[in-house]
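# Architecture at a glance
Spelled out from the first residue to the last, the chains are:
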Amino acid sequence: MKNSNKFLGLLALFLLVFPVFVLAAEFRASQQPSFASTEKTTTNLYMAGGAVVSAGSADKDLLVAGGTALVSGPVAGDLFVVGGNITVLSQITGDLRIGGGNIVVNGNILGDVVLGGGQVILSGKTIGGDVAVAGGAVRLDSEVKGNVKIVGGEIYLNAPIGGNVDIKADKLTLGPRA
């Protein structure tokens, strides 16, 4: 009986507290939602649409879903993106997770990177954590401080790697910086 009372008490607490976290988030959805460079959010931001542009400063997590997605503003938390054509040009303090067709990451990532896509290009200066990529054509030009695991068709590796490297590819090419 005591366990069921504890469970009911925890369930009641969860049901009272959980909506506060959901309501603390900001949502933007339309055909072309945008988050301007002059804007800043201190809550999690969720954006969805056909063509999504995020240039503002996100102090927490940013989740983007769209046919085309461009993220050029800094993200202090994690960045999650799904879409067809995805470009990330900004610094991400947390982790980066992307699933899409064509992916270009040209920003510095301080955390881990997990990507899945048809064509994947990582060309920012540094990735502070581990990298895991699955893709048809993958190009890695960013220095990686952690471990790298890549599975794909054609892999071009042209960057120093601080940790272990595990690559399974149909074709692997090493560039001069690898």
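Let us look at the structure shown here. Small disclaimer: the values here were computed from a predicted structure and weren't measured.

## Brief notes about the packing of aromatic side chains
Scanning all chains against the criterion turns up 1 aromatic pair. An angle of 15° between the planes, with centres 5.1 Å apart, marks the rings of phenylalanine 27 and tyrosine 46 as stacked. With a gap of 19 residues between them, phenylalanine 27 in strand E1 (residues 26-29) and tyrosine 46 in strand E4 (residues 45-54) connect regions that are remote in the sequence. For phenylalanine 27, a relative accessible area of 55% translates into the label exposed.

## Overview of the environment of serine 142
You can see serine 142 is positioned in the loop between strand E11 (131-140) and strand E12 (143-144). Taking the C-alpha atoms as reference, serine 142 lies 8.5 Å from asparagine 108; in sequence the two are 34 residues apart. Ignoring sequence-local partners within four residues, the contact set of serine 142 consists of Leu122, Ser123, Gly124, Lys125, Ile127, Ala159 and Pro160. Here the side chain of serine 142 touches glycine 124 through a polar contact of 2.7 Å, landing on its backbone oxygen.

## Description of the pattern of salt bridges
This structure, assessed with the given rule, holds 9 salt bridges. Aspartate 141 serves as the salt-bridge partner of arginine 139, at 2.5 Å between the closest nitrogen and oxygen. Since its relative accessible area comes to 35%, arginine 139 is described here as partly exposed. As a salt-bridge pair, lysine 168 and aspartate 166 come within 3.2 Å of each other at their nearest N and O atoms. Residue class for aspartate 166 comes out partly exposed when judged on its relative accessible area of 30%.

## Quick notes on the environment of isoleucine 98
Along the chain, the position of isoleucine 98 falls in strand E8 (residues 96-105). Judged by its relative accessible area of 5%, isoleucine 98 falls in the buried class. Among all residues touching isoleucine 98, those that are not within four sequence positions of it are Val81, Ile86, Val88, Ile103, Val105, Val114, Leu115 and Gly116.

## Things to note about the nonpolar core
Within the largest apolar cluster, 34 residues are counted, with the highest numbers of intra-cluster contacts made by Ile98, Val105, Leu115 and Leu122. Where this core is concerned, the elements lending two or more residues are E4, strand E6 (62-71), strand E7 (79-88), E8, strand E9 (113-122), E11 and strand E13 (148-157). If near-sequence neighbours (up to four positions away) are discounted, leucine 122 is found in contact with Val105, Val113, Leu115, Ile127, Val131, Val133, Arg139, Leu140, Asp141 and Ser142.

About the criteria used
- Residues numbered from 1 in each chain as written.
- Predicted model: local features only at pLDDT ≥ 70, side-chain atom pairs only at ≥ 80, totals over all residues.
- Heavy atoms only, no water.
- Phe/Tyr/Trp six-rings, centres within 6.5 Å; stacked < 30°, edge-to-face > 60°.
- Helix = DSSP H or I, 4+ residues; strand = E, 2+ residues; numbered from the N terminus.
- Buried < 20%, exposed > 50% of the residue type's maximum accessible area, 1.4 Å probe, protein only.
- Contact = heavy atoms within 4.5 Å.
- Polar contact = N/O pair within 3.5 Å; in protein donor to acceptor, adjacent residues only side chain to side chain.
- Salt bridge = Lys/Arg side-chain N within 4 Å of Asp/Glu carboxyl O.
- Core = buried A, V, L, I, M, F, W, Y, C linked by side-chain atoms within 4.5 Å.

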